[in-house]
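# A look at the structure
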Amino acid sequence: MFEGLSDKPSKHTFVTWKIPMTDTAKAQVLSHITVLDLTRARSGPTAVRQLADWGADVIKIETPGAPGSADLGRRDGPDFQNLHRNKKSMTLDLKSDEGRAIFHKMAETADVVVENMRPGVKHRLGVDYETLKALNPRIVYGSISGFGQDGPYAERPCLDQIAQGMGGHMMVTGEPGTGPMRSGAAISDMTAGILCANGIALALLERERSGEGQWVDTSLLEAMIFLLDFQAASWTFDRKIPPQAGNHHPSIAPMGAFKTKDGYINMAPMPEMWERFCETTGLDALIDDARFASFDDRYDNRPALIEEIEKATVTQTTAHWTELLNDARIPCGPIYTLDEAFADPQIVHTGIAKKVSSKKLGEFEIIAQPMHMSRTPNRHDADTVTAAPEYGEHTIDILQRYGYSDDDIATLSKSGVV
(Lines give C-alpha, C1' and ligand atoms only; values in the text may rest on other atoms or scores of the structure.)
Protein backbone atom coordinates (compact mmCIF):
# COMPACT_ATOMS: atom_id res chain seq x y z
CA MET A 1 0.00 0.00 0.00
CA PHE A 2 1.28 3.43 -0.87
CA GLU A 3 0.10 6.86 0.08
CA GLY A 4 0.69 9.86 -2.12
CA LEU A 5 -0.74 13.04 -3.45
CA SER A 6 -3.85 13.10 -5.59
CA ASP A 7 -3.77 14.23 -9.21
CA LYS A 8 -3.99 17.80 -7.89
CA PRO A 9 -0.70 18.04 -5.98
CA SER A 10 -1.09 21.76 -5.31
CA LYS A 11 -3.88 20.97 -2.84
CA HIS A 12 -1.67 18.52 -0.90
CA THR A 13 -4.58 16.12 -0.45
CA PHE A 14 -3.40 12.59 0.39
CA VAL A 15 -5.08 9.58 -1.08
CA THR A 16 -4.36 5.90 -0.56
CA TRP A 17 -4.19 3.24 -3.22
CA LYS A 18 -3.12 -0.37 -3.46
CA ILE A 19 -0.66 -1.71 -5.96
CA PRO A 20 -1.52 -5.28 -7.00
CA MET A 21 1.07 -7.86 -5.99
CA THR A 22 1.80 -11.25 -7.47
CA ASP A 23 1.61 -14.35 -5.29
CA THR A 24 5.43 -14.40 -5.21
CA ALA A 25 5.61 -10.78 -4.06
CA LYS A 26 3.11 -11.49 -1.30
CA ALA A 27 5.31 -14.33 -0.12
CA GLN A 28 8.39 -12.17 0.25
CA VAL A 29 8.66 -11.10 3.85
CA LEU A 30 9.39 -7.39 3.23
CA SER A 31 7.22 -6.83 0.16
CA HIS A 32 5.04 -4.39 2.12
CA ILE A 33 8.03 -2.22 3.13
CA THR A 34 9.20 0.90 1.24
CA VAL A 35 12.84 1.89 1.71
CA LEU A 36 14.47 5.18 0.72
CA ASP A 37 18.14 4.51 0.06
CA LEU A 38 20.56 7.40 0.64
CA THR A 39 23.64 5.19 0.98
CA ARG A 40 26.94 5.15 -0.86
CA ALA A 41 30.16 3.10 -1.02
CA ARG A 42 29.75 -0.41 0.51
CA SER A 43 28.46 -0.59 4.08
CA GLY A 44 25.17 1.24 3.46
CA PRO A 45 24.38 -0.47 0.14
CA THR A 46 25.08 -3.80 1.84
CA ALA A 47 22.41 -3.04 4.46
CA VAL A 48 19.89 -1.96 1.83
CA ARG A 49 20.66 -4.98 -0.35
CA GLN A 50 19.55 -7.23 2.50
CA LEU A 51 16.19 -5.47 2.57
CA ALA A 52 15.83 -5.42 -1.22
CA ASP A 53 16.66 -9.11 -1.56
CA TRP A 54 13.86 -9.96 0.86
CA GLY A 55 11.29 -8.09 -1.17
CA ALA A 56 11.38 -4.47 0.05
CA ASP A 57 10.48 -1.75 -2.46
CA VAL A 58 13.80 0.11 -2.48
CA ILE A 59 14.20 3.54 -4.07
CA LYS A 60 17.85 4.45 -4.56
CA ILE A 61 18.30 8.24 -4.49
CA GLU A 62 21.07 9.41 -6.84
CA THR A 63 22.54 12.85 -7.54
CA PRO A 64 21.35 14.45 -10.81
CA GLY A 65 24.09 14.72 -13.40
CA ALA A 66 26.49 12.43 -11.55
CA PRO A 67 25.69 8.78 -12.30
CA GLY A 68 27.44 6.46 -9.90
CA SER A 69 29.52 9.24 -8.34
CA ALA A 70 28.72 8.08 -4.81
CA ASP A 71 29.14 4.37 -5.52
CA LEU A 72 32.00 1.92 -5.79
CA GLY A 73 32.92 0.53 -9.19
CA ARG A 74 31.58 1.21 -12.65
CA ARG A 75 27.84 0.99 -13.05
CA ASP A 76 28.24 -1.82 -15.57
CA GLY A 77 30.80 -3.62 -13.39
CA PRO A 78 30.39 -6.55 -10.98
CA ASP A 79 30.62 -4.57 -7.74
CA PHE A 80 27.83 -2.12 -8.61
CA GLN A 81 25.61 -4.84 -10.05
CA ASN A 82 26.08 -7.07 -7.01
CA LEU A 83 25.45 -4.29 -4.46
CA HIS A 84 22.46 -2.62 -6.10
CA ARG A 85 20.32 -5.44 -7.52
CA ASN A 86 16.58 -5.44 -6.79
CA LYS A 87 16.42 -1.64 -6.41
CA LYS A 88 14.81 1.24 -8.28
CA SER A 89 16.77 4.39 -9.12
CA MET A 90 15.63 7.99 -9.13
CA THR A 91 17.63 11.20 -9.35
CA LEU A 92 16.98 13.92 -6.79
CA ASP A 93 18.96 16.99 -5.75
CA LEU A 94 18.75 17.00 -1.96
CA LYS A 95 20.71 20.26 -1.82
CA SER A 96 17.81 22.12 -3.42
CA ASP A 97 14.66 23.19 -1.58
CA GLU A 98 12.50 21.46 -4.18
CA GLY A 99 14.49 18.23 -3.91
CA ARG A 100 14.25 18.17 -0.14
CA ALA A 101 10.50 18.84 -0.36
CA ILE A 102 10.09 15.84 -2.66
CA PHE A 103 12.15 13.63 -0.35
CA HIS A 104 10.17 14.76 2.68
CA LYS A 105 6.94 13.93 0.86
CA MET A 106 8.29 10.46 0.10
CA ALA A 107 9.42 10.01 3.71
CA GLU A 108 5.93 10.79 5.00
CA THR A 109 4.75 7.36 3.86
CA ALA A 110 8.02 5.41 3.71
CA ASP A 111 8.83 2.70 6.21
CA VAL A 112 12.62 2.90 6.22
CA VAL A 113 15.36 5.41 5.38
CA VAL A 114 18.99 4.23 5.30
CA GLU A 115 22.05 6.50 5.13
CA ASN A 116 25.79 6.26 5.78
CA MET A 117 26.81 9.90 5.64
CA ARG A 118 29.07 11.51 8.20
CA PRO A 119 26.80 12.59 11.07
CA GLY A 120 26.77 16.31 10.27
CA VAL A 121 25.97 15.92 6.58
CA LYS A 122 22.44 14.58 6.98
CA HIS A 123 21.55 17.49 9.27
CA ARG A 124 22.80 20.00 6.70
CA LEU A 125 20.69 18.29 4.04
CA GLY A 126 17.61 18.13 6.26
CA VAL A 127 17.28 14.35 5.99
CA ASP A 128 18.22 13.52 9.59
CA TYR A 129 16.14 11.32 11.87
CA GLU A 130 14.63 14.14 13.93
CA THR A 131 13.39 15.94 10.82
CA LEU A 132 11.88 12.82 9.27
CA LYS A 133 10.42 11.58 12.55
CA ALA A 134 8.43 14.84 12.80
CA LEU A 135 6.95 14.04 9.38
CA ASN A 136 6.45 10.33 10.01
CA PRO A 137 6.66 8.93 13.57
CA ARG A 138 6.60 5.38 12.15
CA ILE A 139 9.82 5.84 10.19
CA VAL A 140 12.67 3.42 10.91
CA TYR A 141 15.92 5.26 10.24
CA GLY A 142 19.10 3.25 9.71
CA SER A 143 22.53 4.88 9.97
CA ILE A 144 26.06 3.58 9.44
CA SER A 145 29.03 5.80 10.23
CA GLY A 146 32.74 5.28 10.55
CA PHE A 147 33.06 5.90 14.26
CA GLY A 148 29.57 6.56 15.63
CA GLN A 149 27.02 9.37 15.63
CA ASP A 150 28.85 11.27 18.37
CA GLY A 151 32.14 11.20 20.24
CA PRO A 152 35.59 12.65 19.47
CA TYR A 153 35.90 10.98 16.04
CA ALA A 154 32.30 11.33 14.87
CA GLU A 155 33.08 13.65 11.96
CA ARG A 156 36.22 11.89 10.80
CA PRO A 157 36.09 10.14 7.41
CA CYS A 158 36.49 6.37 7.59
CA LEU A 159 36.85 3.43 5.22
CA ASP A 160 37.04 -0.30 5.85
CA GLN A 161 40.82 -0.51 6.13
CA ILE A 162 40.87 2.30 8.69
CA ALA A 163 38.37 0.38 10.82
CA GLN A 164 40.32 -2.86 10.38
CA GLY A 165 43.39 -1.12 11.77
CA MET A 166 41.75 0.81 14.61
CA GLY A 167 39.58 -2.14 15.64
CA GLY A 168 42.65 -4.32 16.24
CA HIS A 169 41.95 -6.75 13.40
CA MET A 170 45.11 -6.10 11.40
CA MET A 171 47.32 -6.98 14.38
CA VAL A 172 45.77 -10.43 14.81
CA THR A 173 45.96 -11.16 11.07
CA GLY A 174 49.07 -12.35 9.23
CA GLU A 175 52.13 -14.39 10.11
CA PRO A 176 53.74 -13.80 13.51
CA GLY A 177 56.22 -10.95 13.51
CA THR A 178 55.42 -9.74 9.99
CA GLY A 179 53.51 -6.60 10.96
CA PRO A 180 49.87 -5.71 10.34
CA MET A 181 47.86 -7.43 7.61
CA ARG A 182 44.42 -6.46 6.34
CA SER A 183 41.78 -9.02 5.51
CA GLY A 184 41.24 -9.60 1.82
CA ALA A 185 37.54 -8.72 2.09
CA ALA A 186 35.97 -5.46 3.32
CA ILE A 187 34.88 -7.09 6.53
CA SER A 188 33.95 -4.04 8.63
CA ASP A 189 31.85 -2.66 5.75
CA MET A 190 30.05 -5.95 5.26
CA THR A 191 29.52 -6.59 8.96
CA ALA A 192 28.24 -3.06 9.63
CA GLY A 193 25.82 -3.39 6.72
CA ILE A 194 24.43 -6.71 7.87
CA LEU A 195 24.16 -5.49 11.47
CA CYS A 196 22.30 -2.39 10.32
CA ALA A 197 19.88 -4.47 8.25
CA ASN A 198 19.34 -6.75 11.23
CA GLY A 199 18.63 -3.74 13.44
CA ILE A 200 16.17 -2.34 10.91
CA ALA A 201 14.34 -5.67 10.81
CA LEU A 202 14.17 -5.67 14.62
CA ALA A 203 12.85 -2.10 14.64
CA LEU A 204 10.17 -3.00 12.09
CA LEU A 205 9.16 -5.96 14.24
CA GLU A 206 8.99 -3.77 17.35
CA ARG A 207 6.93 -1.21 15.44
CA GLU A 208 4.21 -3.83 15.04
CA ARG A 209 3.75 -3.63 18.80
CA SER A 210 4.41 0.05 19.55
CA GLY A 211 3.32 1.72 16.32
CA GLU A 212 6.45 3.87 16.44
CA GLY A 213 9.66 3.85 14.46
CA GLN A 214 13.13 4.48 15.83
CA TRP A 215 16.71 5.25 14.93
CA VAL A 216 19.04 2.28 14.34
CA ASP A 217 22.74 3.05 14.09
CA THR A 218 26.04 1.21 14.00
CA SER A 219 29.57 2.03 12.91
CA LEU A 220 32.44 0.39 11.04
CA LEU A 221 34.59 0.57 14.18
CA GLU A 222 32.02 -1.15 16.41
CA ALA A 223 31.29 -3.75 13.74
CA MET A 224 34.99 -4.54 13.43
CA ILE A 225 35.40 -5.09 17.16
CA PHE A 226 32.18 -7.13 17.25
CA LEU A 227 33.53 -9.34 14.47
CA LEU A 228 36.73 -10.07 16.42
CA ASP A 229 34.49 -11.88 18.94
CA PHE A 230 36.58 -14.22 21.13
CA GLN A 231 39.82 -12.38 20.37
CA ALA A 232 38.34 -9.08 21.50
CA ALA A 233 36.90 -10.85 24.55
CA SER A 234 40.41 -12.08 25.40
CA TRP A 235 41.24 -8.46 26.11
CA THR A 236 38.02 -7.36 27.79
CA PHE A 237 37.85 -10.44 30.02
CA ASP A 238 41.45 -10.96 31.15
CA ARG A 239 43.52 -8.31 29.34
CA LYS A 240 45.33 -10.75 27.03
CA ILE A 241 46.44 -9.46 23.64
CA PRO A 242 45.93 -12.21 21.02
CA PRO A 243 49.03 -12.69 18.84
CA GLN A 244 49.24 -13.04 15.09
CA ALA A 245 48.90 -16.70 14.14
CA GLY A 246 49.00 -16.63 10.35
CA ASN A 247 47.07 -19.50 8.80
CA HIS A 248 46.70 -21.28 12.11
CA HIS A 249 44.11 -20.98 14.85
CA PRO A 250 45.18 -18.47 17.50
CA SER A 251 44.48 -20.77 20.45
CA ILE A 252 44.16 -24.39 19.20
CA ALA A 253 46.88 -26.61 17.75
CA PRO A 254 46.94 -28.31 15.36
CA MET A 255 44.38 -26.35 13.39
CA GLY A 256 45.24 -24.50 10.21
CA ALA A 257 46.67 -24.72 6.70
CA PHE A 258 49.21 -27.43 5.89
CA LYS A 259 51.28 -28.14 2.79
CA THR A 260 50.36 -31.12 0.63
CA LYS A 261 51.95 -32.73 -2.42
CA ASP A 262 50.07 -30.40 -4.76
CA GLY A 263 49.06 -27.43 -2.65
CA TYR A 264 47.51 -26.85 0.77
CA ILE A 265 44.73 -28.20 2.94
CA ASN A 266 42.92 -26.78 5.96
CA MET A 267 42.73 -29.31 8.75
CA ALA A 268 40.84 -28.66 11.99
CA PRO A 269 40.90 -31.62 14.37
CA MET A 270 39.27 -30.56 17.61
CA PRO A 271 41.24 -31.37 20.79
CA GLU A 272 39.21 -34.52 21.45
CA MET A 273 40.12 -35.77 17.95
CA TRP A 274 43.87 -35.66 18.52
CA GLU A 275 44.53 -39.41 18.71
CA ARG A 276 42.14 -40.18 15.85
CA PHE A 277 43.85 -37.51 13.74
CA CYS A 278 47.28 -39.03 14.38
CA GLU A 279 46.09 -42.53 13.57
CA THR A 280 44.33 -41.40 10.37
CA THR A 281 47.35 -39.52 9.05
CA GLY A 282 49.91 -42.18 10.00
CA LEU A 283 51.39 -40.01 12.72
CA ASP A 284 50.79 -42.50 15.53
CA ALA A 285 54.19 -41.76 17.02
CA LEU A 286 53.06 -38.25 17.94
CA ILE A 287 50.49 -39.62 20.39
CA ASP A 288 53.29 -40.64 22.79
CA ASP A 289 55.56 -37.69 21.99
CA ALA A 290 55.99 -35.70 25.22
CA ARG A 291 56.13 -32.44 23.27
CA PHE A 292 52.50 -32.92 22.21
CA ALA A 293 51.04 -34.84 25.16
CA SER A 294 48.48 -32.25 26.22
CA PHE A 295 46.43 -29.47 24.67
CA ASP A 296 48.77 -26.86 26.15
CA ASP A 297 51.86 -28.81 25.04
CA ARG A 298 50.65 -28.87 21.46
CA TYR A 299 49.97 -25.13 21.54
CA ASP A 300 53.32 -24.30 23.16
CA ASN A 301 55.22 -26.45 20.63
CA ARG A 302 53.15 -25.55 17.59
CA PRO A 303 56.06 -24.84 15.16
CA ALA A 304 57.51 -28.30 15.84
CA LEU A 305 54.05 -29.85 15.57
CA ILE A 306 53.40 -28.24 12.20
CA GLU A 307 56.77 -29.48 10.96
CA GLU A 308 55.98 -33.06 12.02
CA ILE A 309 52.50 -33.01 10.46
CA GLU A 310 53.77 -31.63 7.16
CA LYS A 311 56.29 -34.47 6.89
CA ALA A 312 53.23 -36.62 6.28
CA THR A 313 50.91 -34.25 4.41
CA VAL A 314 53.44 -33.38 1.67
CA THR A 315 53.54 -37.04 0.62
CA GLN A 316 49.95 -37.04 -0.69
CA THR A 317 47.64 -34.72 -2.60
CA THR A 318 45.07 -32.38 -1.12
CA ALA A 319 42.30 -34.57 -2.57
CA HIS A 320 43.74 -37.64 -0.86
CA TRP A 321 43.81 -36.01 2.57
CA THR A 322 40.40 -34.41 2.09
CA GLU A 323 38.78 -37.79 1.43
CA LEU A 324 40.72 -39.62 4.13
CA LEU A 325 40.06 -37.09 6.90
CA ASN A 326 36.40 -36.59 6.02
CA ASP A 327 35.91 -40.36 6.16
CA ALA A 328 37.35 -40.18 9.68
CA ARG A 329 34.94 -37.32 10.53
CA ILE A 330 37.79 -34.84 11.01
CA PRO A 331 37.01 -31.35 9.63
CA CYS A 332 39.14 -30.46 6.63
CA GLY A 333 38.91 -28.94 3.19
CA PRO A 334 40.89 -27.71 0.20
CA ILE A 335 42.00 -24.09 -0.13
CA TYR A 336 40.46 -22.81 -3.33
CA THR A 337 40.99 -19.98 -5.73
CA LEU A 338 37.65 -18.37 -6.59
CA ASP A 339 37.28 -20.25 -9.87
CA GLU A 340 37.81 -23.52 -8.01
CA ALA A 341 35.36 -22.45 -5.30
CA PHE A 342 32.55 -21.76 -7.74
CA ALA A 343 33.18 -25.11 -9.48
CA ASP A 344 32.87 -27.10 -6.24
CA PRO A 345 29.74 -29.31 -6.38
CA GLN A 346 28.52 -28.27 -2.93
CA ILE A 347 28.87 -24.57 -3.72
CA VAL A 348 27.09 -25.12 -7.03
CA HIS A 349 24.34 -26.98 -5.16
CA THR A 350 23.72 -24.05 -2.79
CA GLY A 351 22.86 -21.74 -5.69
CA ILE A 352 24.93 -18.92 -4.18
CA ALA A 353 25.78 -17.76 -7.72
CA LYS A 354 22.50 -16.58 -9.22
CA LYS A 355 21.83 -15.64 -12.84
CA VAL A 356 20.30 -12.25 -13.50
CA SER A 357 19.37 -10.57 -16.77
CA SER A 358 19.94 -6.93 -17.68
CA LYS A 359 18.63 -5.21 -20.81
CA LYS A 360 21.98 -3.46 -21.20
CA LEU A 361 24.45 -6.08 -19.95
CA GLY A 362 22.70 -9.32 -20.87
CA GLU A 363 22.87 -12.33 -18.54
CA PHE A 364 25.44 -12.66 -15.77
CA GLU A 365 25.77 -14.04 -12.25
CA ILE A 366 25.71 -12.24 -8.91
CA ILE A 367 26.07 -13.46 -5.34
CA ALA A 368 22.71 -14.56 -3.94
CA GLN A 369 21.46 -14.56 -0.36
CA PRO A 370 23.06 -17.27 1.80
CA MET A 371 19.98 -17.43 4.03
CA HIS A 372 16.82 -19.31 3.06
CA MET A 373 13.32 -19.39 4.54
CA SER A 374 10.90 -22.21 3.80
CA ARG A 375 7.74 -20.14 3.36
CA THR A 376 8.85 -16.58 2.52
CA PRO A 377 11.58 -16.83 -0.12
CA ASN A 378 13.99 -14.06 -0.98
CA ARG A 379 14.01 -12.74 -4.53
CA HIS A 380 16.80 -15.09 -5.54
CA ASP A 381 15.05 -18.20 -4.28
CA ALA A 382 11.80 -17.01 -5.88
CA ASP A 383 13.56 -16.26 -9.19
CA THR A 384 12.36 -12.64 -9.15
CA VAL A 385 15.82 -11.08 -8.80
CA THR A 386 16.43 -8.00 -10.98
CA ALA A 387 19.66 -6.40 -12.13
CA ALA A 388 20.85 -3.09 -10.70
CA PRO A 389 18.81 -0.21 -12.16
CA GLU A 390 20.02 2.15 -14.82
CA TYR A 391 20.79 5.65 -13.60
CA GLY A 392 17.51 7.42 -12.88
CA GLU A 393 15.57 4.64 -14.57
CA HIS A 394 12.52 4.98 -12.35
CA THR A 395 12.50 8.73 -11.65
CA ILE A 396 9.34 9.47 -13.62
CA ASP A 397 7.46 6.42 -12.34
CA ILE A 398 8.30 7.27 -8.73
CA LEU A 399 7.34 10.93 -9.06
CA GLN A 400 4.06 9.90 -10.62
CA ARG A 401 3.51 7.50 -7.72
CA TYR A 402 3.73 10.46 -5.36
CA GLY A 403 1.27 12.52 -7.37
CA TYR A 404 3.45 14.67 -9.62
CA SER A 405 2.01 15.43 -13.04
CA ASP A 406 3.88 15.35 -16.34
CA ASP A 407 4.12 19.15 -16.26
CA ASP A 408 5.48 19.05 -12.71
CA ILE A 409 8.09 16.51 -13.71
CA ALA A 410 9.11 18.51 -16.78
CA THR A 411 9.62 21.59 -14.61
CA LEU A 412 11.65 19.65 -12.05
CA SER A 413 13.80 18.18 -14.79
CA LYS A 414 14.42 21.54 -16.44
CA SER A 415 15.55 23.08 -13.15
CA GLY A 416 17.91 20.16 -12.42
CA VAL A 417 16.03 18.95 -9.32
CA VAL A 418 15.69 15.53 -11.00
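What counts and what doesn't
Residues numbered from 1 in each chain as written. Predicted model: local features only at pLDDT ≥ 70, side-chain atom pairs only at ≥ 80, totals over all residues. Heavy atoms only, no water. Helix = DSSP H or I, 4+ residues; strand = E, 2+ residues; numbered from the N terminus. Buried < 20%, exposed > 50% of the residue type's maximum accessible area, 1.4 Å probe, protein only. Contact = heavy atoms within 4.5 Å. Areas by Shrake-Rupley, 256 points an atom, 1.4 Å probe, with all protein chains shown as cover. Lys, Arg positive; Asp, Glu negative; His and termini not counted. Charge placed at Lys NZ, Arg CZ, Asp CG, Glu CD. Core = buried A, V, L, I, M, F, W, Y, C linked by side-chain atoms within 4.5 Å. Pairing = 2+ DSSP bridges. Axes fitted to C-alpha atoms, helices over the stretch in contact; angles between N-to-C directions. Phe/Tyr/Trp six-rings, centres within 6.5 Å; stacked < 30°, edge-to-face > 60°. Lys NZ or Arg CZ within 6 Å of the ring centre and 35° of its normal. Patch = residues over 30% accessible without salt bridge, like charges linked within 9 Å, V, L, I, M, F, W, Y side chains within 5 Å. Salt bridge = Lys/Arg side-chain N within 4 Å of Asp/Glu carboxyl O. pLDDT = per-residue confidence, 0-100. Right-handed = clockwise from strand over helix to strand, strands pointing away.

### As for the overall build of the protein
Helix and strand counts for the protein stand at 18 helices and 13 strands. Its C-alpha atoms put the protein at 90 × 45 × 40 Å along the principal axes. Expressed as a percentage of the 418 residues in the protein, the buried residues total 48%. Considering only contacts within the protein whose residues lie at least 6 apart along the sequence, 68% involve residues at least 24 apart. Within the structure as shown, the protein displays about 21500 Å² of accessible surface, and the carbon and sulfur contribution to it stands at 55%. Where the 43 positive side-chain charges of the protein centre and where its 58 negative ones centre are 6 Å apart.

### Here's the deal with the nonpolar core
Core analysis: the biggest nonpolar cluster contains 28 residues, and Ile61, Leu92, Phe103 and Met106 have the highest contact counts within it. Of all elements in the fold, only strand 4 (57-62), helix 4 (97-107), helix 6 (129-135), helix 17 (395-401) and helix 18 (406-414) reach the threshold of two or more residues within this core. For this core, the leading source of residues is helix 4, giving four residues. Beyond its immediate chain neighbours, meaning those up to four positions away, methionine 106 contacts Leu36, Ile59, Ile61, Met90, Ile398 and Tyr402. Judged by nonpolar contacts, the second largest core, of 27 residues, contains Leu30, Phe147, Ala203 and Leu221.

### Thoughts on the sheet that holds strand 3 (residues 34-37)
Overall, parallel pairing links the six strands, which are arranged 5-4-3-6-7-8 in an open sheet. Looking at the sheet topology across the chains shown, the edges are occupied by strand 5 (88-91) and strand 8 (215-219). If you compare each strand with its neighbour and ignore which way they point, the axes differ by 20° on average. Helix-sheet contacts for helix 8 (residues 187-210) involve strand 6 (112-115), strand 7 (140-145) and strand 8, and the interaxial angle to strand 7 is about 165°.

### Details of the packing of aromatic side chains
All chains considered together, the criterion is met by five aromatic pairs. Plain terms: the ring middles of phenylalanine 147 and tyrosine 153 are 5.7 Å apart, the flat faces sit at 75° to each other, and that makes the pair edge-to-face. Classification of phenylalanine 147 as buried rests on a relative accessible area of 11%. Judged by relative accessible area, which is 34%, tyrosine 153 ranks as partly exposed. Within the aromatic cluster, the residues linked to one another by ring pairs are Tyr129, Tyr141 and Trp215. Note that arginine 156 overlies the ring of tyrosine 153, its terminal NZ or CZ placed 3.7 Å from the centroid. Its guanidinium or amino end placed over the ring of tryptophan 235, arginine 239 lies 4.9 Å from that ring's centre, counting from NZ or CZ.

### Observations regarding the pairing of strand 10 (residues 264-267)
Burial of the side chains of strand 10 is restricted to one face: Ile265 and Met267 are buried, whereas none of Tyr264 and Asn266 on the reverse face is. Across four bridges, strand 9 (residues 256-259) lies against strand 10 in antiparallel orientation. Residue pairing in the sheet places phenylalanine 258 in a bridge with isoleucine 265 of strand 10. Hairpin connection between strand 9 and strand 10: a loop of four residues separates the two successive antiparallel strands. Here three bridges tie strand 10 to strand 11 (residues 332-334), and the two strands are oriented antiparallel to one another. In the sheet register, methionine 267 faces strand 11, and the bridge partner there is cysteine 332.

### Quick notes on a nonpolar patch on the surface
Taken together, the side chains of Tyr153, Leu159, Ile162 and Met166 present a nonpolar region at the surface, about 380 Å² in accessible area. A residue is classified by how much of its surface remains accessible, and isoleucine 162, at 42% relative accessible area, is partly exposed.

### Some thoughts on the confidence of the model for the protein
Model confidence for the protein is summarised by a mean pLDDT of 92, while 93% of its residues fall at 70 or above. Within the model, pLDDT remains below 50 along residues 1-22, and this stretch shows 38 contacts once partners closer than five positions in the same chain are excluded.

### Notes on the sheet that holds strand 9
On the basis of which strands lie adjacent, the open sheet formed by three strands has the order 9-10-11 and antiparallel pairing. The open sheet terminates on both sides in strands that have one partner only, identified here as strand 9 and strand 11. On average, adjacent strands in this sheet sit at an angle of 30° to one another, irrespective of strand direction. Contacting strand 9 and strand 10, helix 13 (residues 302-313) crosses the sheet at an angle of about 50° to strand 9.

### Some words on unusual backbone geometry
The amide bond that connects alanine 253 to the next residue, proline 254, takes the cis arrangement and shows omega of 0°. Residue placement: proline 254 occurs in the loop between helix 10 (230-238) and strand 9. A positive phi angle, close to 55°, is found at aspartate 229, a residue other than glycine. Relative to the assigned elements, aspartate 229 resides in the loop between helix 9 (220-228) and helix 10. Even without being glycine, arginine 329 reaches a positive phi, approximately 60°. Since its relative accessible area comes to 67%, arginine 329 is described here as exposed.

### Let's talk about a negative patch on the surface
A cluster of like negative charges, contributed by Glu275, Glu279, Asp284 and Asp288, occupies part of the molecular surface. Within the secondary structure, aspartate 284 is located in the loop between helix 11 (274-281) and helix 12 (295-300).

### As for the pairing of strand 3
Side-chain direction in a regular strand flips from residue to residue, so the side chains alternate between the two faces of the sheet. On strand 3, burial covers both faces: Thr34 and Leu36 on one face and Val35 and Asp37 on the other are all buried. With four bridges connecting them, strand 3 and strand 4 associate as parallel partners. The partner of aspartate 37 across the bridge, within strand 4, is lysine 60. In this region the chain leaves strand 3, passes through helix 2 (residues 43-53) and returns to the parallel neighbour strand 4; the handedness of that crossover is right-handed. Relative to strand 6, strand 3 runs parallel, the two being bridged by three bridges. Looking at strand 6, one finds that leucine 36 is bridged to valine 113.

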